Amino acid sequence: MSEQPWGRVDDAGAVFVRTADGEHKVGEWLAGDRSEGLAYYQRRYASLTVDVDLLEHRLKDAGLAPDEAMAKIGKLRTQVDDPTCVGDLSALRARLDALVAAVDQQRSAREAERTASRERAKALREDLVTEAEGLADSTHWKASGERFRAIVEEWKHLPHVERSFEQQLWKRLSHARAAFEKRRRAWFAERDAKREEAAVVKEKLIKEAEGIAESTDWTATAAQFRGLMTRWKAAGQAPRGADDELWQRFKAAQDRFFAARSAAFTERDAGLADNLAAKLALATEAEKLLPVQDPAAARAALRKIQDKWAEIGHVPRSDRDAIEKRLQAVEQAVRDTEETRWRRSNPEARARATATLEQLTKSIGKLEKQLSAAQEKGDTSGAKKTQEAIDARREWMAQAEQSLAEFSP
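Everything numeric in this text was worked out from a predicted model, so none of it was measured.

Asks: Account for the pattern of salt bridges, with residues named and values stated.
Replies: Counted according to the given criterion, the structure contains 32 salt bridges. We note a salt bridge from Arg172 to Glu133, for which the minimum N-O separation is 3.0 Å. Note that Arg172 is positioned in helix H5 (residues 163-212) and Glu133 in helix H3 (residues 89-135), a separation of 39 residues in sequence. Taking relative accessible area as the criterion, Glu133 reaches 34% and is therefore assigned partly exposed.

Asks: Could you give an account of the nonpolar core, naming the residues involved and the relevant values?
Replies: Ranked by size, the top nonpolar core spans 25 residues in total, and within it Val15, Ile73, Val86, Leu96 and Leu99 carry the most contacts. Listed by contribution, the elements that provide at least two residues to this core are strand E3 (14-19), helix H1 (34-60), helix H2 (66-81) and H3. Tallying contributions element by element places H1 first for this core, with 7 residues. Excluding residues that lie within four positions of it along the chain, Val15 makes contacts with Arg8, Val9, His24, Lys25, Val26, Gly27, Glu28, Trp29, Tyr41 and Val86.

Asks: Give me the lowdown on helix H6 (residues 218-235), citing residues and values where you can.
Replies: Its 18 residues place the ends of H6 25 Å apart at the C-alpha level, agreeing with the 26 Å of an ideal helix rising 1.5 Å per residue. Buried within H6 we find Trp218, Thr221, Ala222, Phe225, Leu228, Met229 and Trp232. Across the axial projection of H6, the buried residues extend over an arc of 115 degrees, all falling on one side. Away from the buried face of H6 by more than 90 degrees, exposed residues Thr219, Arg226, Thr230 and Ala234 are located. Those residues of H6 that are buried are in contact with H5 and helix H7 (242-270).

Asks: So what's going on with the pairing of E3? Which residues, and what values?
Replies: Across 3 bridges, the pairing between strand E2 (residues 7-9) and E3 is antiparallel. Considered in E3, the bridge of Val9 is made with Val15. A loop of 4 residues connects E2 with E3, the two strands running antiparallel in sequence, and Gly13 in this loop sits at a positive phi of about 95 degrees. As judged from the 6 bridges shared by E3 and strand E4 (residues 22-28), these two strands associate in the antiparallel manner. Bridge assignment links Val15 to a residue of E4, and that residue is Gly27.

Asks: Account for the side chain of Arg8, naming residues and giving values.
Replies: Tracing the backbone shows Arg8 in strand E2. Separated by 2.8 Å, the side chains of Arg8 and Glu23 make a polar contact.

Asks: Let's hear about the environment of Phe16: which residues, and what values?
Replies: The residue Phe16 is located in strand E3 in this model. Distance from Phe16 to Ala143, taken between C-alpha atoms, is 81 Å for residues 127 residues apart in sequence. Each residue touching Phe16, except ones within four places of it in the same chain, is listed here: Trp6, Gly7, Arg8, Asp10, Glu23, His24, Lys25, Val26 and Val86.

Asks: Account for the packing of H2 against H3, with residues named and values stated.
Replies: Packing of H2 against H3 brings their axes to within 10 Å, and their N-to-C directions diverge by 165 degrees. Considered as vectors, H2 and H3 are oriented roughly antiparallel to each other. For the pair H2 and H3, the sense of crossing is left-handed. Two secondary-structure elements touch here, H2 through Pro66, Asp67, Ala69, Met70, Ile73, Leu76, Arg77, Val80 and Asp81 and H3 through Leu89, Leu92, Arg93, Leu96, Asp97, Leu99, Val100, Val103, Gln106, Arg107 and Arg110.

The rules behind the values
- Residues numbered from 1 in each chain as written.
- Predicted model: local features only at pLDDT ≥ 70, side-chain atom pairs only at ≥ 80, totals over all residues.
- Heavy atoms only, no water.
- Salt bridge = Lys/Arg side-chain N within 4 Å of Asp/Glu carboxyl O.
- Helix = DSSP H or I, 4+ residues; strand = E, 2+ residues; numbered from the N terminus.
- Buried < 20%, exposed > 50% of the residue type's maximum accessible area, 1.4 Å probe, protein only.
- Core = buried A, V, L, I, M, F, W, Y, C linked by side-chain atoms within 4.5 Å.
- Contact = heavy atoms within 4.5 Å.
- Expected span 1.5 Å × (residues − 1).
- Arc of directions from axis to C-beta.
- Pairing = 2+ DSSP bridges.
- Polar contact = N/O pair within 3.5 Å; in protein donor to acceptor, adjacent residues only side chain to side chain.
- Axes fitted to C-alpha atoms, helices over the stretch in contact; angles between N-to-C directions.
- Parallel < 35°, antiparallel > 145°, perpendicular 65-115°, else oblique.
- Left-handed = near helix turned anticlockwise from the far one by under 90°.

Shown next as structure tokens:
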């Protein structure tokens, strides 16, 4: 008989395995030496051990789903419980039990991860719905519309959650998107209506502009065109494409008038060269009155210059402001001189200045007597205050004397 710690082959060729429950027949060996038969059944045990090793590795690497792992464990447990090999079956059974525990732990971990993933998906979906509801009142039509489309795409790629919960959130998202689209369509419809109205108004303005484009009443018509331009801007934008065409028609009428006006002014200015030369001479003559020594004589001379100036008439527009400023500067200088002379000869102002000077003189005289009395009494503090009052009034008196000196005798 051949045997070893985990099994034996009896004289009849029966093969037994030893377990904690006793011996169990696992097969027969009738082909030869019994030790070879025992080795054969031990190799079958080794092969079963390799299968357990592989299963442990696959579970450790998380490369096997729990249900598939349990199926394989079941097959291996069947081979252990109904053995056809010789070896430490208790050790294999313990390892399989450990694998079952590992699978249960992995299943729990996966379930926890799925639960966490669902919770994350819920939160992400709720965030998308909240953002969509916030966009429902937006007036940034293009950017918000693009964001709504992106939200829907993000929604499609998120993991699914409970059907009822997901349907409720989708209903809110759809409502927000529908509200936004309704407002957007209403806004564009209103905008298009306003643009059509603007097109009608601008057609009328074009007809008005074309009606006055040939006018030669330059001042009045230029004012009319300015009014038309104000109304054109207030009309708003016409439909895209039409607005540019309308503007070109309006501008053509406007340009036609202003080009004719510019040509007329150029022709007119060419005939005003003699007027400009005459006014330049008068401006030079007026400037010789400066600085003004005798306001009355300067005023008389200036009046003659002004009369000649008015008789000459217009000068070219490009020179008008410059030449007018030269004469205006002389006129202002004469006025300033006259005003200064009048202030100096004003009897009321002279009387006020004289009265002020006399009042200060009397005040100083009284204070000087008070100062002498304080000094005689040895009142140092009183004497100091009185002297300060005297000094202040003397400064005022000097100013009053200067003011009085400015008046003409």
